[in-house]
Amino acid sequence: MLPWRRLLRPLAVLTLAAAALVAPTGAAQAAAAPSSGWNNWSCKPSTAHPRPVVLVHGTFGNSVDNWLGLAPYLVHRGYCVYSLDYGQLPGVPLFNGLGPIDKSAGQLDAFVDRVLAATGSAKTDLIGHSQGGMMPRYYLKFLGGAPKVNALVGLAPDNHGTTLLGLTQLLPYFPGAEDLISGATPGLADQIAGSAFQNKLNEGGDTVPGVTYTVIATRYDEVVTPYRSSFLDGPGVRNVVLQDLCGLDLSEHVAIGLTDRIAWHEAVNALDPAHATRTTCASVFE
C-alpha cells in the first residue's frame, strides 16, 4: 500500500470521530464534578410534573458534561431529572456513546427501570441529544420500552443516520476504513446513513404506538447531514426547525444541546403540552 493511503485510513476515522460530536472544553473537569440538583434518587415527581425525565447524552458525551445547562433548567422548573452513561469502551474514560448502539439501548432499558422504581412512576419522559435522541428509539421498538415512556424529545438526533457532509460516502474508496471504524468504535459505524443498524431501526416505520415524538433540528447542523434526516414520520410526531422558532438562533449541532434555551423551552413544551407557551427568541430569557 502506498504511504499516502496508509495516512488516509486513520484520517478518515479521525474525521468521523471529530465530527460526530466535539466534546466541550473542560469535559474532564465537568464529568468529575458531582451533578447539581439532578440524579437525586430521593426526588418524587409532583402532581404538576408526574413523570421523571431521563437525559440521554450524545456521542463522546457523558452523564454530566452533556447536561450542565439543561438538567438544572429542568430541575428549576420542578422536574425530577436523571442522566446515565452508556456506550463505554474499555480504557476510554469520560467519552461515551462509542459502543454498539443496540447494547447502549440495553443500558438505557436498565436505567429507566431504576428511575421508575425509585420514583414510583409508571412512565418516564426522555430527552436526548444527537445519538441520545436516536438510540432510545431502539429501546422503544425492540426492547419493550414503549409502555414505560410517554415522550421522546430529540435535540438534533441522527434518526436516519448521517453522511457527515458527504464524508461517509468516501469510505469505500479507502480499503479497510469501514472495518476499522466498526471494530474500534462501533457506535460511530452504526450512525452512518445506510448502516445495517440504521436499516433495522427504521424498517417498518419510525415510531411505535403510545409514545409522542418531538424532533428539534437546526439548519446549521454540521454533524447530522442533511439536517432534515433528523425528522421522523408517523403518528404522534412533531418535527421542529429551531430557526422557525427564532430566526436569530445560530446554534449548530453541539450548541443545541449544551446552551440553547430556545430549544430547551420547546423541549419543556413537549413534556407538558397542556401548559405549553409559544417558543420565540424571547424564550432565551425564560
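In what follows, the accompanying structure is described. Just so we're clear, the structure is a prediction, and the values are computed from it rather than from any experiment.

## Overview of the overall build of the protein chain
When helices and strands are counted, the protein chain shows 11 helices and 6 strands. In the protein chain, buried positions account for 54% of the 286 residues. If you take every contact in the protein chain between residues at least 6 apart in sequence, the share linking residues at least 24 apart comes to 76%. Accessible surface, the protein chain as shown: approximately 12100 Å² in total, 61% of it carbon and sulfur.

## Some details on the pattern of salt bridges
Scanning all chains against the criterion turns up 6 salt bridges. Arg-51 is the partner of Asp-125 in a salt bridge, and the nearest nitrogen-oxygen pair spans 2.9 Å. With Asp-125 in strand E3 (residues 124-129) and Arg-51 in the loop between helix H2 (27-32) and strand E1 (53-56), this residue pair connects regions lying 74 residues apart in the sequence. The exposure class assigned to Asp-125 is buried, which follows from its relative accessible area of 1%. A residue is classified by how much of its surface remains accessible, and Arg-51, at 22% relative accessible area, is partly exposed. Where Asp-113 meets Lys-148, a salt bridge forms, and the shortest distance between an N and an O atom there is 2.8 Å. Of this pair, Asp-113 sits in helix H4 (residues 101-119) while Lys-148 sits in the loop between helix H5 (131-142) and strand E4 (149-155), and the two are 35 residues apart along the sequence. Exposure remark for Lys-148: the relative accessible area of 22% places this residue in the partly exposed category. Ionic contacts of the salt-bridge type, sharing partners, join the residues Asp-109, Asp-113 and Lys-148 into one network.

## Thoughts on a nonpolar patch on the surface
A surface patch of nonpolar side chains, about 190 Å² in accessible area, is lined by Val-92, Leu-94 and Phe-95. Looking at where Phe-95 falls in the secondary structure, it is placed in the loop between strand E2 (81-84) and H4. For Phe-95, a relative accessible area of 31% gives the class partly exposed.

## Side note on the nonpolar core
Core analysis: the largest hydrophobic core is formed by 34 residues, its most contacted members being Val-54, Leu-108, Leu-126, Tyr-139 and Leu-140. Breaking this core down by element, the ones donating at least two residues are E1, E2, H4, H5, E4, helix H8 (196-202) and strand E5 (212-217). At 7 residues, the largest contribution of residues to this core is made by H4. Counting residues in each nonpolar core, the second largest holds 28 residues, with Val-53, Leu-70, Ala-156 and Val-268 among its members.

## Examining the sheet that holds E5
If you walk across this open sheet you meet the 6 strands as E2-E1-E3-E4-E5-E6, and the pairing is parallel. If you trace the sheet from one side to the other, it starts and ends with E2 and strand E6 (237-241), each paired once. The mean inter-strand angle of the sheet, taken between neighbouring strand axes irrespective of direction, is 15°. Sheet strands touched by H4: E1, E2 and E3. Its angle to E2, the strand with the most contacts, is close to 155°.

Quick notes on the rules
- Residues numbered from 1 in each chain as written.
- Predicted model: local features only at pLDDT ≥ 70, side-chain atom pairs only at ≥ 80, totals over all residues.
- Heavy atoms only, no water.
- Helix = DSSP H or I, 4+ residues; strand = E, 2+ residues; numbered from the N terminus.
- Buried < 20%, exposed > 50% of the residue type's maximum accessible area, 1.4 Å probe, protein only.
- Contact = heavy atoms within 4.5 Å.
- Areas by Shrake-Rupley, 256 points an atom, 1.4 Å probe, with all protein chains shown as cover.
- Salt bridge = Lys/Arg side-chain N within 4 Å of Asp/Glu carboxyl O.
- Patch = residues over 30% accessible without salt bridge, like charges linked within 9 Å, V, L, I, M, F, W, Y side chains within 5 Å.
- Core = buried A, V, L, I, M, F, W, Y, C linked by side-chain atoms within 4.5 Å.
- Pairing = 2+ DSSP bridges.
- Axes fitted to C-alpha atoms, helices over the stretch in contact; angles between N-to-C directions.

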